[in-house]
Amino acid sequence: MKTRQGTILIIVAGLSALLASMALVFLARQRSSQQETIWFEQDVQSRIMLVAACSYIAEGARIGYDTAIGAEHIEAYGWVDVRDGSVGPNTRGSRGSQVIPLHDETRLVESWGRGSADRPGWPALKSVARCPMHVLERPPFAISLNATPNAMATDDSDDATYGRPYLKNPDPSPQADTLTGFMTANRDIRQSSASRSWFRVYREGPAIFIITCGAGGTLGYRDWDEVQGAGANAMAEFGEQAYFNSLRNQEIRLWYRVEWDPGIATAEVHNIKNAWNSGNEDHYVSYSMNTSNSSINPRSQAQCRNLGGTFRYIQRLRVPPTWW
Amino acid sequence: MNRRAFTLLELMIAIALGMLIVYIAVAGFRVAATSITVTNRLALENDLLRSGCLDANERLDYWTDFDDPDNPAEQRLRGRDGDGGLPFTPMSLVFPLTRNATDPEKSTGWDPEETWKASDPRMWWQGNVAEKWKSEMILGRYSIFGNSQPPVIVTGAATNVVLNGSAGVGTYGTVSVPHEWQYRQIWGMYGALGYFGFTDYLPQNTLFACYNEFFVPPPPPPNPPYSALVRETNQDGMPLVLFRPGSSFDNGEGDQQYPKGLWRLTMASSYGVVSPTRANANQSAAHRSRYTTGYWNNSGDLRRFLDDTENRRPFTAMPTHWPRLEVTTQHFIKTGRYVNLGKVQLSDPISGAVTEIVFSSFSTTLRGARLQRRHDRGWADHDNGTGVTVPPTLDHTP
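Residues numbered from 1 in each chain as written. Chains lettered and ligands numbered in written order. Predicted model: local features only at pLDDT ≥ 70, side-chain atom pairs only at ≥ 80, totals over all residues. Heavy atoms only, no water.

J.: Looking at this structure, how should I read the overall build of chain B?
T.: Of regular secondary structure, chain B possesses eight helices and ten strands. Against the globule reference of 21 Å for 398 residues, chain B gives a C-alpha radius of gyration of 31 Å, more extended than a compact globule. Each principal axis of the C-alpha distribution contributes one length, and for chain B these read about 140 × 55 × 40 Å. Looking at chain B residue by residue over its 398 residues, the buried ones come to 50%. Look at the contacts in chain B between residues 6 or more apart in sequence, and 62% of them connect residues 24 or more apart. When the accessible surface of chain B is summed, it comes to about 18,000 Å², and 58% of that surface belongs to carbon and sulfur atoms. (Helix = DSSP H or I, 4+ residues; strand = E, 2+ residues; numbered from the N terminus. Rg over C-alpha atoms; globule rule 2.2 N^0.38 Å. Buried < 20%, exposed > 50% of the residue type's maximum accessible area, 1.4 Å probe, protein only. Contact = heavy atoms within 4.5 Å. Areas by Shrake-Rupley, 256 points an atom, 1.4 Å probe, with all protein chains shown as cover.)

Encoded structure:
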């Protein structure tokens, strides 16, 4: 009797051990697969940052910057000024030919490391723009995702509204309830989007930039020295060097070199044809650049007005350069 | 009487129950094993797809499947022949730089340091934007404002240069033209790297037309040489290949007769980098072709486009029973947009099922890829440190 009980125990234990080992291998495999998925996601995330960085450079060529000249952004004329070829971005004075720099290479306000400031502020030559990317709770001028703010009533008990497309609400609808709220932002960071990715731009030459794309939690700081150079608030983000280094070791960084160019579209007959095509058309209307076949009239409301320029080349760097 | 035994009934019940338990155990084990096998297989396929996507992105960033700097056997796109160079031909072979510090208008060749400032008159296209390829010159002879081969000798009427050609205007004799640099850039780049490189290198707002020496092709022999056809101009010296509807460069859409920019040239057709896996990829003519990818294309057009430009490679050596993974990269331009396309295809040798992921990547351009490579061989890693010298790249003339 004892022998039979022992046999069953051994068989059951053996089967259980076999199943357990298979389950363990399976779980380990899934764990490994999950880790690879995280790396893959980080790789994709960092590549998205290249798009964001190039958009930032293109827009930064024209949108301009806050200066002491005025409270609003001052429009600029490109990283290399299209008027006279000087280093930009520059704005204008009362006359269009006036060149007023929006950059200052002599004023050192940032640091590569500990110690006194040794780097000019953005957008000066040899300066750095560090851009941690996250989603705000509500950006300024946010539009609601509600696609049908004026849905027709389907309740046939009310003859006054049933089946009628009343335009009671603005379409699209603002995300905020008030005009002030619509025009301002709730700058709280959505936690699910925090510390996931960033980009950083180093202005190597007048129109040449080193872009660093990152997916991880370092917020775009190059190293711990730079965190220390940025001051107490930056150090408080990470607490201690070991934690920063841990984040650094877990993130992906990619380096690219790009050259900006002011050229956008060709001033050819096709693009300006409608200036004389019909007497009542807007002379500044241009055919959209993204239609496969244009007819008489522009087909896209957006008209694809790229006012920020294009890129002469994009070059992935195998190793990080000295300055980035 | 020994009572320590089973009755027959007990034995039968015990055996039946035992068999049931064993059957359930075996069945359960088989299900578990099969599930794990299937899950592992799916995990393997996911791993491969993931690795394939990562690999495709890396290839798109470094163009190593079009030109491997470390492997001369994988550099088929660096040659040249009578009609020009290929996408990875060193610029020193097809458009070498000779700077003229005194008069930059007279500089020739590709200068990788040139910034193409919009304010510089050298960058301004000085021609007649409404000039037709048949060259009626009713608005004047613009080749005297800019020409790639000055001086221009204007002797008046020229006849029989092109079909329906008019008599021409002006008898000015020998004319010194003020601008020559940009037209030389346009015409030089036409011959340098193929059509894709031609459009990739010049600024986005380039008007792809220029003024050269007036050239009448000789009477065509039975098989006319390509070079002579390329050099043919209208009466004002504008190369017809760039804007005659239906030429190898101009898609002819709308029968537009005048010079065109990038959007118009590619709204109905594409230029692409021919895959080095194609037999004719080392011939310059292969890289001077347009592909009909617009609204009037047919299956044959698209087949030729895909056959020529898709660079399809197995992922890596893998066990034969594993799913087969292929990574395809492709570089082309369509509707003014440069496309770096990655395609990852997984095919299961057991079930025959095929899974494919296609995506476009925002990544290194052709010029960026050439700047990654040394002029001779190997990589030219960029560094901006003080005193650091970056070796000459494919774009430099050492």
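There is more to say, and it comes next.
J.: Would you mind going over the confidence of the model for chain A with me for this structure?
T.: Residues shown with low pLDDT carry predicted positions that ought not to be read at fine detail. All names here are of chain A. Taken residue by residue, chain A gives an average pLDDT of 85. The fraction at 70 or more is 85%. Low pLDDT, under 50, characterises residues 280–285; the predicted model gives this stretch ten contacts beyond four residues in sequence or across chains. Within the model, pLDDT remains below 50 along residues 289–293, and this stretch shows 18 contacts once partners closer than five positions in the same chain are excluded. (pLDDT = per-residue confidence, 0-100.)

J.: Help me out: how do you make sense of a negative patch on the surface in this one?
T.: Residues and elements named next belong to chain A. Where like charges cluster on the molecular surface, the negative patch consists of Asp155, Asp156, Asp158 and Asp159. Summarising the element assignment, Asp156 is placed in the loop between strand E8 (136–138) and helix H2 (179–183). Judged by relative accessible area, Asp156 falls into the exposed class, the value being 53%. (Patch = residues over 30% accessible without salt bridge, like charges linked within 9 Å, V, L, I, M, F, W, Y side chains within 5 Å. Salt bridge = Lys/Arg side-chain N within 4 Å of Asp/Glu carboxyl O. Lys, Arg positive; Asp, Glu negative; His and termini not counted. Charge placed at Lys NZ, Arg CZ, Asp CG, Glu CD.)

J.: How should I be thinking about the environment of Gly368 of chain B in this particular structure?
T.: The topology assignment puts Gly368 of chain B in helix H8 (residues 366–371). For the pair Gly368 of chain B and Gln330 of chain B, spaced 38 residues apart in sequence, the C-alpha to C-alpha distance is 16 Å. Residue contacts for Gly368 of chain B: discarding those within four places in its chain leaves Tyr313, Ile314 and Gln315 of chain A.

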